Amino acid sequence: MQNMRRKVLKAGGGVALYALLVAAGWLKPGDAAAQSWNKSAFEAKTLDEALKVFGGGSSAQSKDIVFVSTPDIAENGAVVPIGITSSIPKTEAIAILIEKNPNPLAAIFEIPPGTEPAIGTRVKMAQTSNVYALVKADGKYYVASKEIKVTLGGCGG
Amino acid sequence: MPDPMKIRATVVGDSTEVRVLMSHEMETGQRKDAQGNVIPAWFIQNVVVAHKGRPVLNAQWGTAIAKNPFLSFKFKGGAKGDKIEITWVDNRGEKRTDETAIG
């Protein structure tokens, strides 16, 4: 099985072929997910760059994206709790971007149907910055932002 | 071998709430050691959560996720005793899978 997959990838390589194999049940989708990491988006150095690579260049401000249990002031930038809830129907993915971090994109969460578009995690912040929640819903992008003040940066040596 | 994850999955109404605490350095690649050498980045890149074999959350992470990452979310369905399986993969290709039963 493992061997065959290698050959298939080598021979065809195409995303379409891969999708077809997943659909046909030859490959577990989990395998594919475990290997995808949006390198160019995560390595982007500015917010605009990250948004462009991620495909959210033109996104509408939305009041349906809410930050929950997220502080206004973070005393320790090394551990900043972030909670994001989207009430936009058909939310497919939620991304967290921190404008003033060396690499703004912090995380992408893909939300399959049946999973609630609400996630919570903890991030590092280099300094006081706007934090953006980018939501992809039904193929469109929406964004909300919140400023978090940091009194002690999280990326110092 | 990295330390096991702490996973708590509980039924809340008609959803299951999953809370995970992973054990990982999450080194950013921005810091320097005492000799001034850059400490290479070392962080979790992918997290997959599955309920009875079906993925309920896929995450891609960058270096900005805090050390010993925390993650919480909810999905519809799930009953007491169902298996929740979580796997992470870091940028060195190291991998860890842990599972728990919904309580």
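So, how was this worked out
- Residues numbered from 1 in each chain as written.
- Chains lettered and ligands numbered in written order.
- Predicted model: local features only at pLDDT ≥ 70, side-chain atom pairs only at ≥ 80, totals over all residues.
- Helix = DSSP H or I, 4+ residues; strand = E, 2+ residues; numbered from the N terminus.
- Buried ≥ 20, exposed ≤ 12 C-beta atoms within 10 Å, placed from the backbone.
- Contact = placed C-beta atoms within 7 Å.
- Core = buried A, V, L, I, M, F, W, Y, C linked by C-beta atoms within 7 Å.
- Nonpolar A, V, L, I, M, F, W, Y, C, P; charged D, E, K, R; others polar.
- Pairing = 2+ DSSP bridges.
- Arc of directions from axis to C-beta.
- Axes fitted to C-alpha atoms, helices over the stretch in contact; angles between N-to-C directions.
- pLDDT = per-residue confidence, 0-100.

Visitor: Tell me about the overall build of chain A, and name the residues and values.
Guide: Across its full length, chain A carries 5 helices and 9 strands. Secondary structure elements of chain A occur, N-terminal to C-terminal, as α-α-α-α-α-β-β-β-β-β-β-β-β-β. Looking at the 157 residues of chain A, the share that counts as buried comes to 33%. A separation threshold of at least 6 residues defines the contact pool for chain A, and within that pool the share at least 24 residues apart is 61%.

Visitor: For the overall build of chain B, give the residues involved together with the corresponding values.
Guide: Check the secondary structure of chain B and you find 0 helices and 7 strands. Sequence-ordered secondary structure for chain B, helices as α and strands as β, is β-β-β-β-β-β-β. Judged by the C-alpha coordinates and their principal axes, chain B covers about 55 × 20 × 20 Å. The buried share of chain B, taken over its 103 residues, is 39%. Partitioning the intrachain contacts of chain B with sequence separation of at least 6 by distance along the chain shows that 54% fall at a separation of at least 24.

Visitor: Lay out the nonpolar core with the relevant residues and their values.
Guide: Residues Ala95(A), Ile96(A) and Val123(A) are the most contacted members of the largest nonpolar core, which totals 63 residues. Residues within four places of Val123(A) in sequence aside, it is in contact with Val80(A), Ile82(A), Ile96(A), Ile98(A), Ala106(A), Ala64(B), Ile65(B) and Ala66(B).

Visitor: For the environment of Ser40(A), give the residues involved together with the corresponding values.
Guide: Residues and elements named next belong to chain A. Counting through the fold element by element, Ser-40 comes out in helix H4 (residues 39–42). C-beta crowding within 10 Å serves as the criterion here: with 12 such atoms nearby, Ser-40 is assigned to the exposed category. Remark: the alpha-carbon pair of Ser-40 and Phe-54, spanning 14 residues in sequence, is separated by 8.5 Å.

Visitor: Describe the environment of Lys90(A), and please don't skip the residues or the numbers.
Guide: Residues and elements named next belong to chain A. With respect to the secondary-structure elements, Lys-90 resides in the loop between strand E4 (80–86) and strand E5 (91–98). Here Lys-90 falls in the partly exposed class, since 13 other C-beta atoms lie within 10 Å of it. Here the alpha-carbon distance between Lys-90 and Ile-111, two residues 21 residues apart in the chain, equals 9.3 Å. Ignoring sequence-local partners within four residues, the contact set of Lys-90 consists of Ala-137 and Asp-138.

Visitor: So what about the interface of chain B and chain A? Which residues, and what values?
Guide: Interface extent is often summarised as the accessible area lost during association of the parts. Between chain B and chain A, the residue contacts involve 33 residues of the former and 32 residues of the latter. Listed by contribution, the elements that provide at least two residues to the side of chain B that touches chain A are strand E3 (44–51), strand E4 (54–61), strand E5 (70–76) and strand E6 (83–90) of chain B. Classifying every residue of the side of chain B that touches chain A by side-chain character gives 16 nonpolar, 12 polar and 5 charged. Sheet topology places strand E6 (residues 105–110) of chain A next to E4(B); 4 bridges connect them, and they run antiparallel. Bridged to Ile108(A) within E4(B) is Gln60(B).

Visitor: I'd like a description of helix H5 (residues 47–54) of chain A, backed by residues and values.
Guide: Within H5(A), burial applies to Ala50(A), Leu51(A) and Phe54(A). Looking straight down H5(A), one finds that the buried residues subtend no more than 100° of arc, so they occupy a single side.

Visitor: Give a description of the sheet that holds strand E7 (residues 115–123) of chain A that names residues and reports values.
Guide: Spatial ordering of the open sheet is given by E2(A)-E4(A)-E7(A)-E5(B)-E2(B)-E1(B), a layout of 6 strands whose pairing is antiparallel. Looking at the sheet topology across the chains shown, the edges are occupied by strand E2 (65–68) of chain A together with strand E1 (6–12) of chain B. Here the strands of the sheet are splayed against their neighbours by 15° on average, with no regard to which way each runs. With 7 bridges joining them, E1(B) and strand E2 (residues 15–21) of chain B adopt antiparallel strand pairing.

Visitor: An account of the confidence of the model for chain B is requested, with residue identities and associated values reported.
Guide: Chain-level pLDDT for chain B is 95 on average; 99% of the residues reach the 70-or-more range. Model confidence for the complex is summarised by a pTM of 0.84, with the ipTM given as 0.95.

Visitor: Can you explain the pairing of E5(B)? Please cite residues and give values.
Guide: Looking at chain direction, E7(A) and E5(B) are connected through 4 bridges and run antiparallel. Bridge pairing links Gly120(A) to Ser72(B) in E5(B). Sheet topology note: the E2(B)/E5(B) ladder contains 7 bridges and is antiparallel. Residue Val18(B) lies in a different strand from E5(B), and its bridge partner there is Phe73(B).

Visitor: Give me the lowdown on the pairing of E5(A), citing residues and values where you can.
Guide: Residues and elements named next belong to chain A. Counting buried positions over the 8 residues of E5 gives 7, a clear majority of the element. Bridge analysis of E5 against strand E8 (residues 129–137) gives 7 bridges, and the strand direction is antiparallel. Following the sheet pairing, Ala-95 is matched in E8 by Leu-134. When E5 meets E6, the two strands line up antiparallel, connected through 5 bridges. Considered in E6, the bridge of Leu-97 is made with Leu-105. In this antiparallel pair of consecutive strands, E5 and E6, the connection spans 6 residues.

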